[in-house]
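The lines below spell out each chain.
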Amino acid sequence: MLSREENELLTRTAPGTPMGDLFRRFWLPALIPNELPEPDCPPVRLRILHEDLVAFRDTEGKVGILDALCPHKLAPLFFGRNEECGLRCVYHGWKFDVDGNCVEMANEPPDSAFKDKVKVKAYPVEEWGGLIWVYMGPAHLKPELPQFEWGRVPETHRHIARWLQTTNWAQGMEGEIDTSHISFLHRWMDQSQAPQRRNAQRNFSIVDGAPVLTLHQTDYGFVYGARRNTGNGDYYWRVTQWLYPMWSVIAAQTWPIGGRAWVPIDDENTNVFGYNYNAEAPLTEEQITMIESGRAFPPRTTRERHMLADGTVIDHNVGVANKTNDFLIDRDMQRTVNFTGIWGVNEQDRGLQEGMGRIVDRTREHLGTADQATIAGRRALIRMARDLQEGIEPAIAHEGHKYGVRSMDIVSPEGDFNRFMEVHGDAGKAKV
Amino acid sequence: MLSREENELLTRTAPGTPMGDLFRRFWLPALIPNELPEPDCPPVRLRILHEDLVAFRDTEGKVGILDALCPHKLAPLFFGRNEECGLRCVYHGWKFDVDGNCVEMANEPPDSAFKDKVKVKAYPVEEWGGLIWVYMGPAHLKPELPQFEWGRVPETHRHIARWLQTTNWAQGMEGEIDTSHISFLHRWMDQSQAPQRRNAQRNFSIVDGAPVLTLHQTDYGFVYGARRNTGNGDYYWRVTQWLYPMWSVIAAQTWPIGGRAWVPIDDENTNVFGYNYNAEAPLTEEQITMIESGRAFPPRTTRERHMLADGTVIDHNVGVANKTNDFLIDRDMQRTVNFTGIWGVNEQDRGLQEGMGRIVDRTREHLGTADQATIAGRRALIRMARDLQEGIEPAIAHEGHKYGVRSMDIVSPEGDFNRFMEVHGDAGKAKV
Amino acid sequence: MLSREENELLTRTAPGTPMGDLFRRFWLPALIPNELPEPDCPPVRLRILHEDLVAFRDTEGKVGILDALCPHKLAPLFFGRNEECGLRCVYHGWKFDVDGNCVEMANEPPDSAFKDKVKVKAYPVEEWGGLIWVYMGPAHLKPELPQFEWGRVPETHRHIARWLQTTNWAQGMEGEIDTSHISFLHRWMDQSQAPQRRNAQRNFSIVDGAPVLTLHQTDYGFVYGARRNTGNGDYYWRVTQWLYPMWSVIAAQTWPIGGRAWVPIDDENTNVFGYNYNAEAPLTEEQITMIESGRAFPPRTTRERHMLADGTVIDHNVGVANKTNDFLIDRDMQRTVNFTGIWGVNEQDRGLQEGMGRIVDRTREHLGTADQATIAGRRALIRMARDLQEGIEPAIAHEGHKYGVRSMDIVSPEGDFNRFMEVHGDAGKAKV
């Protein structure tokens, strides 16, 4: 449970809010490179942290992320011409490069110096590790890119997707650090129809629905182990990382390993980025087919012009199963096949999280011992956001190398988390 | 005409409002039993008096009406599993019975006492008289069920339906006690195409469009007689009851007799319940066909997921003719067949009432002598709501037997209402 | 750039606002006559200056524009019966004539004088010059109709249409006095596919995208000349008028000449009226085909029930290319055929203007020398609105004859605007 004030602090990310300031200290994923597939391709409309933006790839392949509106008369740059290293507003022909410089102001006299005085807001952009990144904070505080393992592997070794969730970012993020829900929300009574049948261990979640959690604070956030009894005297450990300000690395028994990032669009919508990777080998065709089936992450989506509450349009990948169709719930399936009657794992998560309303009222919650990680994640973020308001910058934003952690999903006789990490931590690269 | 303050008082029913408090002193219809057709069937989403709820029928057939959201993390119970005498939230497996007790908390340690400390809000429910009823007020003030005649007859003798009206509740309710509108809104110039051709008396409404009203206050609300000249020296009397807080018993010349209840969803939407019954015999197949044709009440509807203004979804029966299609108005029909060019009687009512806006601005009205009953109904409700704020409880909520009244629709030589009631009141069971 | 307060003043037109008061000093176009095609035809729903209205044509052909709601119980008159010189509310049969008098109150006793005390709001209406006009201001200040040349020609010589723009009125109006945008927004690289191929002069806009503007204040507003170099030593002049409070007469080389009026629906929607006319001869079939093709003005539209943000419905002509389909932008067409990839001239304008949001934030603009006319138009309106608040009435509202001006589009050796007007002004009837 949070106080009303804490819930506001956690969920609000507009410019000038404490959490909005904190997000503006980190590189954030903005797009998948193939959303801007080639030089001079059509621009893409975005909203990030309540700011309306347009992204384009110029003639040299560089990506620019600009204010959505031309500074002249606020016409939408989305309709612009993407030509010769600049995006040209079609209303009066002003042209801007990826750095926001006005490189041509064709409706003013040739000798006018006006164009040198006008810039469009442009944020620093990096294209790295299968993502287009944006930094929306103060120039002199520009951070390091987080050196995730999936970012450093060859492109063939990873798969990344972006999709829309119509809730506040924190609502989705909290699902990542909520190990106990997998025993229920993602339970398949009929394992033969489950999306991933790696081995029998997955069933341990069903055997023991009340895991014992141990959580360690780290520089990057925290790592936590969820210990379940296997029923055979051993323990089934799931070790998951949560990294500032909104990353997860989720446990998986075999490659690929996956996780997500939750980037606020505004307080009521979120850009979700989901990755899957194999650090040791290219993803196989079978694995890619599985990933793209929509059975887990990412969900099945269609490319849409999505209208936000205030009428602004963004370009996004919208779930085929969504709020307007009750996530295609099948009550017969719910009786016999899986716990929800909803087909895909993300669809199950989104179904419940979107059903909580756009911004869940955390003053009404009743959290138990299973919610330790959720509580820890909120506290860490709220503390960091408050610190920043007092001038304490988040050091981790400048320590990209600390993001190179890996999750674990292992059966072991070890029952103590410290001991378990001593034995397995190295092998699994799960750097605490 | 009401003052702005009176209009607010009349129309607002959220928790803590005077009218909201008054509604919370009565049993209210919530659903039709066949919306929860069998044990362990899918739950139904409801909003009543601004409170989001979920209804389910458990394994033993008992109906529970719970808060829409699980108290753990506010996940929607609608997606829950309806299993073994409880509705189980699929997010983390908490399970609740019809009384709101948490009977299982599967993600907490088996020895945890946490579940005994957590309840979900659950309201008392009764299934009686062809309705599922809910009581949303203080436990120690639980009222009696209103003993309407249609509630006491065998199931074969009645027909009840529920549908959506997208206006404030009072806007619909006032149509019930507005006898003069039937001469216009429901006039059929071509009687051969009219929905109900019982006998020639219906034409009296056309012969005399300006009825003389006499109204008697009663414990249950009021009864009023509308007297029209037949043109033959006799009087055509329609005697209608209005009962706290929002019931009508409408005059009809022959069985079935019908009426409605108007239960606020929120200030801008209403659950309408319409009944038709014969106190003396089962409804015939022909009568049921007529009732279900949509020519009168209930209207033609489709079952829909209906999204309210704040994005919340409720399950409802939505009129085929509605605001988005101008109630299928046919201007040619309007010229020659009926007064509106709209096909069904409820469709005519809804067309006009929804066209007034969600909450009509009663400060702008110009009421005449024909609006006596409307004025009386408002005054009675406003007085009762104000009384309640001063601690005076509505006695009628505990006098269910007083609801056993019956309407009348009779031609008589009697011109005085008191005399008319002496002569006809007993025969017609219209207890004043 | 405007201050926030100036932007509010410019854009807000509800009753009681300064700009709303100013608009209420002029006759405003309300409908095209063929929207009420014959006596006793179905009424049409309108909103003008934030007031919900209903228009009907009575049995004698006279047009009435009334409050949308019946004064009795605020039922929508749109559903009314249009019969025998009056619109009758179908709820209780009250009937009103075009002047708002209640001519029958059928649900009150025949001897009641109540009907003489009740009026429905009714505004003065004129049908003249191919338009239905309404005056919504104080009765004693009723102005003159503006004697536009297109209003005084025979009906065969003109074409007028009405359509919806989903932005504030000023956003559209400013496009009219923004000559430099035609060099970009309306440029056709492939002239063979351009909507109007009158002669080669149109290309001058492309040769010189930075016109030199000269602007003269006049009683009716202003006239301005935009001078471009032809590249042959001559000058290409476009002379355009802007007239209070929101009219344009746009330059064209040959007949027909056209222009627009921008009438606020509310702050976020606008009724656009577009005219095309030939002062000297009837429009040819070919010209009408061209006008109605949607290549320029008016756009392609469909007749729709259009729901405004508060749920109120108006009857309007809605663009086939609109915000929900990105104005059917074709990025391939944008590369090679025209500057925008959008097909029609109005569609190009609307695309950009609607993309700026409902009410553009003028505090963020960066206006240059090309925006002189825009700045002048705003200033003139703001000054006139402020004057009116201090009791200075707009004289021009009573000088209808001053609206009889004509635009010009001419190549000339004259480089000075005054000199140019001396030489060409008379011939072109462009009265300064």
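Presented here is an overview of the structure given in this document. (Residues numbered from 1 in each chain as written. Chains lettered and ligands numbered in written order. Predicted model: local features only at pLDDT ≥ 70, side-chain atom pairs only at ≥ 80, totals over all residues. Heavy atoms only, no water.)

### So, the overall build of chain A
At step 1: Per the secondary structure count, chain A includes eleven helices and 21 strands.
At step 2: In summary, chain A has a C-alpha radius of gyration of 22 Å against a globular reference of 22 Å for 432 residues, a match within 12%.
At step 3: With respect to the three principal axes, the spread of C-alpha positions in chain A is 85 × 50 × 45 Å.
At step 4: By the burial criterion, 65% of the 432 residues in chain A qualify as buried.
At step 5: Partitioning the intrachain contacts of chain A with sequence separation of at least 6 by distance along the chain shows that 63% fall at a separation of at least 24.
At step 6: Here chain A contributes 48 positively and 60 negatively charged side chains, and the mean placements of these two sets differ by 2 Å. (Helix = DSSP H or I, 4+ residues; strand = E, 2+ residues; numbered from the N terminus. Rg over C-alpha atoms; globule rule 2.2 N^0.38 Å. Buried < 20%, exposed > 50% of the residue type's maximum accessible area, 1.4 Å probe, protein only. Contact = heavy atoms within 4.5 Å. Lys, Arg positive; Asp, Glu negative; His and termini not counted. Charge placed at Lys NZ, Arg CZ, Asp CG, Glu CD.)

### With respect to the pattern of salt bridges
At step 1: Summed over all chains, the structure comprises 102 salt bridges over all chains.
At step 2: Salt bridges here are not isolated pairs; linked through shared partners, they connect A:Lys73, C:Glu174, C:Arg362, C:Glu365 and C:Arg378. (Salt bridge = Lys/Arg side-chain N within 4 Å of Asp/Glu carboxyl O.)

### Considerations on the packing of helix H1 (residues 4–11) of chain C against helix H10 (residues 372–389) of chain C
All names here are of chain C.
At step 1: Between H1 and H10, the least distance of the axes is 10 Å, while the angle of their chain directions is 80°. Put simply, H1 runs roughly perpendicular to H10. For the pair H1 and H10, contact is made by Glu 5, Glu 6, Leu 9 and Leu 10 and by Arg 378, Leu 381, Ile 382, Ala 385 and Arg 386, respectively.
At step 2: Class assignment of the residues belonging to the contact of H1 with H10 gives a composition of five nonpolar, no polar and four charged. (Axes fitted to C-alpha atoms, helices over the stretch in contact; angles between N-to-C directions. Parallel < 35°, antiparallel > 145°, perpendicular 65-115°, else oblique. Nonpolar A, V, L, I, M, F, W, Y, C, P; charged D, E, K, R; others polar.)

### Here we look at the sheet that holds strand S8 (residues 102–105) of chain A
All names here are of chain A.
At step 1: An order of S5-S6-S7-S8 is seen for the four strands of this open sheet, with the pairing classed as antiparallel. In the strand order of this sheet, the two ends are held by strand S5 (81–82) and S8, each with one partner.
At step 2: Here strand S6 (residues 87–88) pairs with strand S7 (residues 94–96) via two bridges, running antiparallel. Residue pairing across strands places Leu 87 opposite Phe 96, the latter belonging to S7. (Pairing = 2+ DSSP bridges.)

### Here we look at the interface of chain A and chain C
Many descriptions give the size of an interface as the accessible area lost when the pieces come together.
At step 1: Residue-level contacts link 31 residues of chain A with 40 residues of chain C.
At step 2: Across the chain A to chain C interface the summed buried area is about 2,900 Å²; carbon plus sulfur atoms make up 56%.
At step 3: Its largest share of buried area at the contact with chain C, chain A owes to A:Lys73, A:Phe79 and A:Tyr91, together 26% of the area lost on that side.
At step 4: On inspection of chain A and its partner chain C, the count reaches four salt bridges.
At step 5: Notably, a salt bridge pairs A:Arg45 with C:Asp326, separated by 2.7 Å at the nearest N-O pair.
At step 6: Put simply, chain A and chain C have 22 residue pairs in polar contact (both at pLDDT 80 or more) between them.
At step 7: For the side of chain A that touches chain C, a count of residues per class yields 17 nonpolar, six polar and eight charged. (Buried area = accessible area lost by both parts, 1.4 Å probe. Polar contact = N/O pair within 3.5 Å; in protein donor to acceptor, adjacent residues only side chain to side chain.)

### Points about the side chain of B:Arg47
Residues and elements named next belong to chain B.
At step 1: Mapped onto the elements, Arg 47 comes out in strand S2 (residues 44–48).
At step 2: The exposure class of Arg 47 is buried, given its relative accessible area of 7%.
At step 3: Looking at Arg 47, its side chain comes within polar contact range of the side chain of Asp 266, at 2.9 Å.
At step 4: A polar contact is formed between the side chain of Arg 47 and the side chain of Thr 312, at a distance of 3.3 Å.
At step 5: Ignoring any residue separated from it by four or fewer positions in sequence, one finds Arg 47 in contact with Asp 52, Pro 264, Ile 265, Asp 266, Asn 271, Leu 308, Asp 310, Thr 312 and Ile 314.

### Things to note about the relation of the copies chain B and chain C
At step 1: For these two chains of identical sequence, chain B goes onto chain C by a turn of 120° and a shift of 0.0 Å along the axis, with RMSD 0.1 Å. These values place the two chain copies in the arrangement generated by a three-fold rotation axis. Minimal C-alpha separation from the rotation axis in chain B is found for B:Ala309, amounting to 6.5 Å. (Least-squares fit on C-alpha atoms with pLDDT ≥ 70 in both.)

### Overview of the state of the cysteines
Residues and elements named next belong to chain C.
At step 1: Applying the stated criterion to the full structure yields zero disulfides over all chains.
At step 2: Here Cys 102 stays unpaired: no disulfide links it, and the sulfur of Cys 70, its closest cysteine neighbor, is 7.5 Å away.
At step 3: Cys 102 sits in the buried class, given a relative accessible area of 5%. (Disulfide = S-S within 2.5 Å.)

### Points about unusual backbone geometry
It is generally the case that most residues other than glycine have a negative phi and that most peptide bonds are trans.
Residue and element names in this part refer to chain A.
At step 1: Cis peptide bonds are those with omega within 30 degrees of zero, and the linkage from Tyr 244 to Pro 245 qualifies with -10°.
At step 2: Mapped onto the fold, Pro 245 is located in the loop between strand S15 (235–243) and strand S16 (247–249).
At step 3: The omega torsion of the bond from Trp 255 to Pro 256 falls at -5°, within 30 degrees of zero and hence cis.
At step 4: Positive phi is not limited to glycine here, since Leu 74 has a value of about 65°.
At step 5: In this structure, Leu 74 sits in the loop between strand S4 (63–67) and S5.
At step 6: Residue Leu 74 is classed as buried on the basis of its relative accessible area of 1%.

### Let's talk about the nonpolar core
At step 1: Counting 85 residues, the largest nonpolar core has A:Ile48, A:Trp169, A:Met246 and A:Trp247 as the members making the most contacts within it.
At step 2: Excluding anything up to four places from it in sequence, A:Trp169 contacts A:Leu10, A:Thr11, A:Thr13, A:Met19, A:Phe23, A:Pro245, A:Met246, A:Trp262, A:Pro264, A:Thr270 and A:Leu381. (Core = buried A, V, L, I, M, F, W, Y, C linked by side-chain atoms within 4.5 Å.)

### A closer look at the packing of aromatic side chains
Residues and elements named next belong to chain A.
At step 1: In the structure shown here, the tally under the stated rule is 64 aromatic pairs over all chains.
At step 2: When the centroid spacing of 5.3 Å and the interplanar angle of 70° are considered together, the rings of Trp 242 and Tyr 244 count as edge-to-face. The pair formed by Trp 242 and Tyr 244 is uniform in burial state, with each residue classed as buried.
At step 3: Among the aromatic residues, those joined into a ring-pair cluster are Trp 128, Trp 133, Phe 148, Trp 150, Trp 247, Trp 255, Tyr 275, Tyr 277 and Tyr 403. (Phe/Tyr/Trp six-rings, centres within 6.5 Å; stacked < 30°, edge-to-face > 60°.)

### Structural notes on the sheet that holds S2(B)
At step 1: The strand order S2-S3-S4-S9 (chain B) describes an open sheet built from four strands, whose pairing is antiparallel. Pairing within the sheet leaves two strands with one partner each, and these edge strands are S2 and strand S9 (122–123) of chain B.

### Some words on helix H11 (residues 417–424) of chain B
All names here are of chain B.
At step 1: Regarding H11, the residues found buried are Phe 417, Phe 420, Met 421 and His 424. Relative to the axis of H11, the buried residues are bounded by an arc of 95° and lie together on one face.
At step 2: For H11, the elements touching its buried residues are strand S13 (212–217), strand S14 (221–229), strand S15 (235–243) and strand S21 (408–412).
At step 3: Capping of H11 at its N-terminal end is provided by Asp 416; its side-chain oxygen lies 3.2 Å from the backbone amide nitrogen of Asn 418. (Arc of directions from axis to C-beta.)

### Some details on the interface of chain B and chain C
At step 1: On the chain C side, the residues contacting the 40 residues of chain B number 31 residues.
At step 2: Across the interface of chain B and chain C, roughly 2,900 Å² is buried in total on both sides, 56% from carbon and sulfur atoms.
At step 3: C:Arg305 is paired through a salt bridge with B:Asp326; the nearest N and O atoms lie 2.8 Å apart.
At step 4: Along the contact surface separating chain B from chain C lie 22 residue pairs in polar contact (both at pLDDT 80 or more).
At step 5: In terms of residue count, the dominant contributor to the side of chain B that touches chain C is helix H9 (residues 345–355) of chain B (four residues).
At step 6: Of the residues in the side of chain B that touches chain C, the class split is 13 nonpolar, 16 polar and eleven charged.

### Section: the environment of C:Leu213
At step 1: Within the secondary structure, C:Leu213 is located in strand S13 (residues 212–217).
At step 2: By relative accessible area, C:Leu213 is classed as buried at 11%.

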